[in-house]
Amino acid sequence: VCQTTANTEKWNRINGRIVKKFRNLKIFQTICPATTIRQRASVDLAREVDIMLIVGGYNSSNTRRLHELCSQTGVRAYHVENASDLDFSWFKETDLKIGVTAGASTPDWVIKEVIVQMEKNLEKDNVVEELKEEEVVESVEETTEVAEDTSEVIEEKVEEITEEVEEEVEEEVSEVEEEAEEEEVETLEADDTEEEQPTNMEDMLNDDFASLKKGSLVKGTVVRVNDDEVLVDIGYKSEGIITLRELTNDRTLTPSDLVAEGDEIEVFVLRVSDDNGNPVLSRRRAESIAAWNRVKESYDNKENVTGRVVEAVKGGLLVDVMGMRAFLPASLVDRNYVPDLSVFSGEDITAKVIEIDKQKRRVVLSRQAYLEEEFQKTQSETWDNLEDGQVIDGIVQRITNFGAFVDVGAVDGLVHISELSWGRVEHPSEVLNEGDEVKVKVLGVDEENERVSLSIRQVSDDPWTKVDKNYESGEIVQGKVVRTVSFGAFVELEPGVEGLVHISQLAWNHVEKTEDVVTPGDEIKVKILSVNKEEKRISLSLKETTERPARKEREGGGRSSNNRRKPSAGHTENASVTLGDMFGDLLNKAKKKNGEEVEDIVEDSNEEPQE
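Just so it is clear, the model here is predicted, and its values are computed rather than measured.

Asks: Talk me through the overall build of the chain; I want residue IDs and the actual numbers.
Replies: Secondary structure assignment for the chain yields 14 helices and 23 strands. Each of the 611 residues in the chain was classed as buried or not, and the buried ones make up 33%. Intrachain contacts of the chain at a sequence separation of at least 6 include 62% that bridge at least 24 residues. Summed over all atoms, the accessible surface of the chain reaches about 39,800 Å², with 46% contributed by carbon and sulfur.

If you want it as structure tokens, here you go:
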């Protein structure tokens, strides 16, 4: 017996020594494969980093073993139980690569706490660079604000001049209106019934400015598509402009690849007016805001999202989700370890949003969470539908010495070695490979203990049901020697159907050992002597497939015929003599004294020896 987290190499060394002492020992592998995979992955990671953190309890043998293995690679390995055990003097060097692993029993929140604390400490070193970047951004923003202020001053001057001109025009208009008042009474009355409209240019301009603000989202219609920009009617005094840069991030595309005249699109207002009085718009930022809102909604509602993998990077995958760039950590890509993440490049995947940070525009995904959820659903449905006697499809997941585990829908069932084939199977690998698709019959369902018993052989008919039709006495057939015993050899005629060649039927001459004539694996022709369908017994003969040699050849010429005992009258060489024939009378007489047990002995003595 070994612990499920035991070291595989040590286990094998111990087994090697025990086997030398005890020949009939049966060994069953009980080490959890997940432990071996975790240890192997941790060692591989340790070889690629400068510092290795192993998170888990100090009393956990599994975690201590991970620390031991990582240390053997030469990397600086530290075993911590939680975030409070971190010593930040470990990370004073620059450009460090830090790997993190944990024992199987370590809670997720403990691991996350360690990583968060470590990231916070490392971020302090980058404060200066971030401040420099912020200064540059602020400088750009100040320059932009100055330009906007200048534009606003010009607009104010234009408005003042416009107002003066309007006042002069209004005075002239009022004089004309007074002279024509009597003639246009009906027209003026009709105008009074209409909806009141702005009476001067200032009111109209104020209405336009009020409806458009920097940083707002508005809808518009594409009115022109140029080579490097798009003009959009957003109901303002002039069309808005979207440059190619604000249209898409893909520099290989042109505006005409993305929009056409007449398209209705949503845009983000970068500036209310440029030097020419046109609003500056961005479709890219509008899509980004809309994408963020959709992603946040999915996060709040715990819904799945679909995205395309852009590329595999160190530590995970970059995924385009609704126009947003999201990160999928390598440990959360699948339910099992994935050695090569590049296989996902360009693929569409479904995942769950597990973390969002609006300030950093950060989105973290977990495909593992989605797959685990789907696995649980499928498993629940499988348990509800499994019934004894069902024949269903499955996939071979794992092969052991005692059978094979087959996935029948998120539930693994065991096909015992005795249920693999009607024929004799020494090891499951003789008839199955991992990944094989097979049909299985459900023999038993124990949902409480999560056990399912399956059979592959019972999907097909027992070959013994047709043995009397397929084989007749006197027929010569081809067979394969599957094993030899002291009293003869068992020959497989077809999978699941074996017959016995008694040692007396191996050759015309006397045979001391079965192996002197045949060995396992030999393909031979045999003659069928008898078929017993009910007892599943077939008697075969090898010698009767050959011509019977002369007596001298059989005797080998070693002894004179006078020295040999002559066979009794009626005796033939191919006669089958049983113990019952020789001692039946004596045993029948004893039957009266010893009761029914002797009768059983007499009956058994008439049968051919069996293994």
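Asks: Break down the packing of aromatic side chains for me, citing the residues and quoting the values.
Replies: The full count for this structure, using the stated rule, is three aromatic pairs. Centre to centre, the rings of Tyr78 and Trp90 are 3.9 Å apart; their planes meet at 5°, and the pair counts as stacked. Taken together, the residues span a long stretch of sequence, with Tyr78 in strand 2 (residues 76-80) and Trp90 in the loop between strand 2 and strand 3 (98-102) at a distance of 12 residues. We note that Tyr78, like Trp90, is buried. Measuring from centroid to centroid gives 6.2 Å for Phe402 and Phe405, while their planes differ by 85°, and the two rings are edge-to-face. Over the ring of Phe375 we find Arg335, and its NZ or CZ is 3.8 Å from the ring centre. Residue placement shows Arg483 over the ring face of Phe490; its charged tip is 4.1 Å from the ring centre.

Asks: Any details on a negative patch on the surface? Residues and values, ideally.
Replies: A cluster of acidic residues, Glu381, Asp384, Glu447 and Glu450, forms a negative patch at the surface. The topology assignment puts Glu447 in the loop between strand 17 (437-446) and strand 18 (451-455). A residue is classified by how much of its surface remains accessible, and Glu447, at 46% relative accessible area, is partly exposed.

Asks: Could you give me a rundown of helix 10 (residues 367-385), with the residues and numbers involved?
Replies: Helix length check: helix 10, at 19 residues, gives a terminal C-alpha distance of 27 Å against a target of 27 Å (1.5 Å per residue), a fit within 8%. Buried within helix 10 we find Arg367, Tyr370, Leu371, Gln379, Thr382 and Trp383. In this structure, the buried side of helix 10 is in contact with strand 9 (304-313), strand 11 (324-329), strand 12 (348-357), strand 13 (362-366), strand 17 and strand 18. Capping the start of helix 10 is the job of one residue whose side-chain oxygen sits 3.0 Å from the backbone nitrogen of Ala369: Ser366.

Asks: How would you sum up the pattern of salt bridges? Please name residues and give values.
Replies: Under the counting rule described, the total for this entry stands at 17 salt bridges. In this structure, Glu68 and Arg65 form a salt bridge, with 2.9 Å as the shortest nitrogen-oxygen distance. Placement of both Glu68 and Arg65 in helix 3 (residues 61-72) is noted, with a separation of three residues, approximately one turn of the helix. With relative accessibility at 18%, the residue Arg65 sits in the buried group. For Arg285, the salt bridge is made with Glu246, and the minimal N-O distance between the two is 3.5 Å. Pair noted here: Arg285 is in helix 9 (residues 283-300) and Glu246 is in the loop between strand 6 (240-243) and helix 8 (255-258), with a separation of 39 residues, a long-range link. By relative accessible area, Arg285 is classed as partly exposed at 37%. Judged by its relative accessible area of 9%, Glu246 falls in the buried class. A cluster of three or more residues bridged by salt bridges with shared partners is formed by Glu246, Arg284 and Arg285.

Asks: Describe unusual backbone geometry, and please don't skip the residues or the numbers.
Replies: The backbone of Lys302 sits at a positive phi, close to 55°, despite the residue not being glycine. One can find Lys302 in the loop between helix 9 and strand 9. The phi torsion at Lys536 lies on the positive side, around 55°, for a residue other than glycine. With respect to the helices and strands, Lys536 occurs in the loop between strand 22 (523-532) and strand 23 (537-541).

Asks: Please set out helix 9 residue by residue, giving values where relevant.
Replies: In this model, helix 9 (18 residues) spans 26 Å end to end at C-alpha, consistent with the 26 Å of a helix rising 1.5 Å per residue. Turning to helix 9, its buried residues are Arg283, Ala286, Ala291, Trp292, Val295 and Ser298. Where helix 9 begins, the capping side chain belongs to Ser282, and its oxygen is found 3.1 Å from the backbone nitrogen of Arg285.

Asks: Lay out the sheet that holds strand 14 (residues 391-400) with the relevant residues and their values.
Replies: Within the closed barrel, the five strands sit side by side as 14-15-16-18-17. Their pairing is mixed. Across the sheet, the mean angle separating the axes of adjacent strands is 50° when strand polarity is ignored. Here strand 16 (residues 412-416) pairs with strand 18 via two bridges, running parallel. The residue of strand 18 that forms the bridge with Val415 is Leu454.

About the cut-offs
- Residues numbered from 1 in each chain as written.
- Predicted model: local features only at pLDDT ≥ 70, side-chain atom pairs only at ≥ 80, totals over all residues.
- Heavy atoms only, no water.
- Helix = DSSP H or I, 4+ residues; strand = E, 2+ residues; numbered from the N terminus.
- Buried < 20%, exposed > 50% of the residue type's maximum accessible area, 1.4 Å probe, protein only.
- Contact = heavy atoms within 4.5 Å.
- Areas by Shrake-Rupley, 256 points an atom, 1.4 Å probe, with all protein chains shown as cover.
- Phe/Tyr/Trp six-rings, centres within 6.5 Å; stacked < 30°, edge-to-face > 60°.
- Lys NZ or Arg CZ within 6 Å of the ring centre and 35° of its normal.
- Patch = residues over 30% accessible without salt bridge, like charges linked within 9 Å, V, L, I, M, F, W, Y side chains within 5 Å.
- Salt bridge = Lys/Arg side-chain N within 4 Å of Asp/Glu carboxyl O.
- Lys, Arg positive; Asp, Glu negative; His and termini not counted.
- Charge placed at Lys NZ, Arg CZ, Asp CG, Glu CD.
- Expected span 1.5 Å × (residues − 1).
- Polar contact = N/O pair within 3.5 Å; in protein donor to acceptor, adjacent residues only side chain to side chain.
- Pairing = 2+ DSSP bridges.
- Axes fitted to C-alpha atoms, helices over the stretch in contact; angles between N-to-C directions.

Don't take any of this as a statement about function, it's just geometry.
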